[in-house]
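# Residue-level structural notes
Next come the chains, spelled out residue by residue.
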Amino acid sequence: MSAITLKDIRKSYAGGPQVLHGVSMDIEHGEFIVIVGPSGCGKSTLLRLLAGLDPCEQGELLIDGVRANDLPPQDRDIGMIFQNYALYPHMTVLDNIAFGLELRKVPKAERLRRARAVAETLQLTPYLARKPGALSGGQRQRVAMGRAMARECSTFLMDEPLSNLDNALRVAMRTEIKDLHRQLGATIIFVTHDQTEALSLADRVAVMKDGHLQQFDTPAMIYDQPVNRFVAGFLGAPAMNFVPADCITAWTGPRDVDVGFRPEALGLHRAPVSGPSLAARVALTEMTGASFIVHCESEAGRLSAVVARGDDLPQEGEEIWLSLDTSQALCFDAITGIRLDLPIAQRQKVLTPHVKETI
């Protein structure tokens with residue numbers, strides 16, 4: 001039995017447009033699920049419905065097989081960690097962690113025992129007598145996590161918990177959250193707009209756009225086999241390149257097919273090359289550490305390629321050729337954006353030079 005099941009969940013607010021459009025998911029016990037998408041896609045609304053903070057009026061929400069549409073938040077065995085931490089500034093770290101247990105009338109000795117045990121796990125023991133104002137952003141985040149953990153919930157909901165942290169601390173906290181998930185064995189549903197968090201943390205990723213669930217799959221499948229152009233373009237840094245099939249030399253695909261390929265699928269050359277390729281001019285180079293991102297202008301628009309440090313890096317303004325590794329290319333319907341799962345023989349027609357048949 002799934003830990004949480006969503007069946008055709010729809011949500012709209014009074015006087016406003018529909019926010020969620022028939023979202024359905026099965027979430028297994030102990031999974032780390034990341035819900036990702038641009039601002040306004042409905043991911044935080046979905047989390048609030050799961051927590052019981054907003055009513056679930058259309059569709060069906062099941063928790064451990066029990067209908068939970070009308071179940072109050074305190075009866076859902078769910079802990080929620082907010083973006084702004086929601087700590088009480090006048091309370092110590094110990095009291096903040098134990099506060100949820102106090103509301104549930106847990107005896108004082110037991111709630112302090114559980115709060116101290118959680119603080120030990122989160123390496124907060126030296127700060128138990130401090131108040132939130134005397135803590136760093138990462139420490140406050142851990143206190144917020146500790147308050148949820150002290151309740152010993154089976155499911156934790158995290159609404160962009162790392163968005164207020166600097167980049168170095170975000171990386172460190174991702175590691176801590178992943179380690180905590182392994183220790184606790186609890187179900188975690190984590191909302192973010194950050195694709196790096198989604199790909200690095202999740203067992204499965206739910207990609208949303210405009211209130212619609214686009215794809216729900218493993219990070220590898222979503223990165224390598226996106227169901228449509230939106231998912232392909234949203235996940236990946238730098239983003240996937242898209243060009244009309246007939247813009248690529250020696251790739252005479254039909255005009256109603258777009259070709260998508262990651263920057264790492266492009267090779268840079270200073271002379272024309274045989275096979276699928278594009279003439280381009282280097283517009284900008286960016287160093288990212290171990291590699292460079294080379295942004296190029298071509299007849300198909302702006303394209304990005306990744307070049308390892310130590311390679312012969314072209315200069316800005318230089319005319320080059322970009323070769324394409326066709327094994328890494330995907331085809332999308334130019335109108336609907338849906339990825340085309342072409343049979344091998346039919347796909348080969350799109351990839352083969354000088355073939356003029358359409359799909």
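You'll find the structure just up there.
Since the structure is predicted, the reported quantities are computational estimates derived from the model, not experimental observations. (Residues numbered from 1 in each chain as written. Predicted model: local features only at pLDDT ≥ 70, side-chain atom pairs only at ≥ 80, totals over all residues. Heavy atoms only, no water.)

## Structural notes on the nonpolar core
Ile 97 and Phe 190 are the most contacted members of the largest nonpolar core, which totals 46 residues. When residues in this core are grouped by element, the largest group, six residues, is from helix α4 (residues 137-150). Residue contacts for Ile 97: discarding those within four places in its chain leaves Ala 115, Val 118, Ala 119, Leu 124, Val 143, Gly 146, Arg 147 and Ala 150. Formed by 28 residues, the second largest nonpolar core is a distinct cluster that contains Ala 3, Ile 33, Ile 35 and Ala 51. (Core = buried A, V, L, I, M, F, W, Y, C linked by side-chain atoms within 4.5 Å. Buried < 20%, exposed > 50% of the residue type's maximum accessible area, 1.4 Å probe, protein only. Helix = DSSP H or I, 4+ residues; strand = E, 2+ residues; numbered from the N terminus. Contact = heavy atoms within 4.5 Å.)

## Examining helix α2 (residues 93-103)
Side chains three or four residues apart in an α-helix point the same way, a direct result of the helix having 3.6 residues per turn. Burial within α2 is extensive, with eight of its eleven residues counted as buried. Looking at α2, one finds that the buried residues are Val 93, Leu 94, Asn 96, Ile 97, Ala 98, Phe 99, Gly 100 and Leu 101. Check the buried side of α2 and you find it contacts α3 (108-121) and α4. Within two residues after α2, Lys 105 carries a phi angle of roughly 60°, on the positive side.

## Details of the packing of α2 against α4
Interaxial distance between α2 and α4 falls to 7 Å at its minimum, and their mutual angle equals 35°. Crossing handedness for the pair α2 and α4: right-handed. Contact residues: Val 93, Asn 96, Ile 97 and Leu 101 in α2; Val 143, Gly 146, Arg 147 and Ala 150 in α4. Of the residues contributing to the contact of α2 with α4, the split by class is five nonpolar, two polar and one charged. (Axes fitted to C-alpha atoms, helices over the stretch in contact; angles between N-to-C directions. Left-handed = near helix turned anticlockwise from the far one by under 90°. Nonpolar A, V, L, I, M, F, W, Y, C, P; charged D, E, K, R; others polar.)

## Here's the deal with the environment of Glu 110
You can see Glu 110 is positioned in helix α3. By relative accessible area, Glu 110 is classed as partly exposed at 27%. Taking the C-alpha atoms as reference points, Glu 110 and Ala 98, twelve residues apart in sequence, are found 9.6 Å from one another.

## Here we look at unusual backbone geometry
Look at the link from Ala 237 to Pro 238: it is a cis peptide, with omega at 0°. Counting through the fold element by element, Pro 238 comes out in the loop between α8 (229-234) and β11 (241-244). Even without being a glycine, Asp 77 presents a positive backbone phi close to 55°. Its place among the elements puts Asp 77 in the loop between β5 (66-67) and β6 (78-81).

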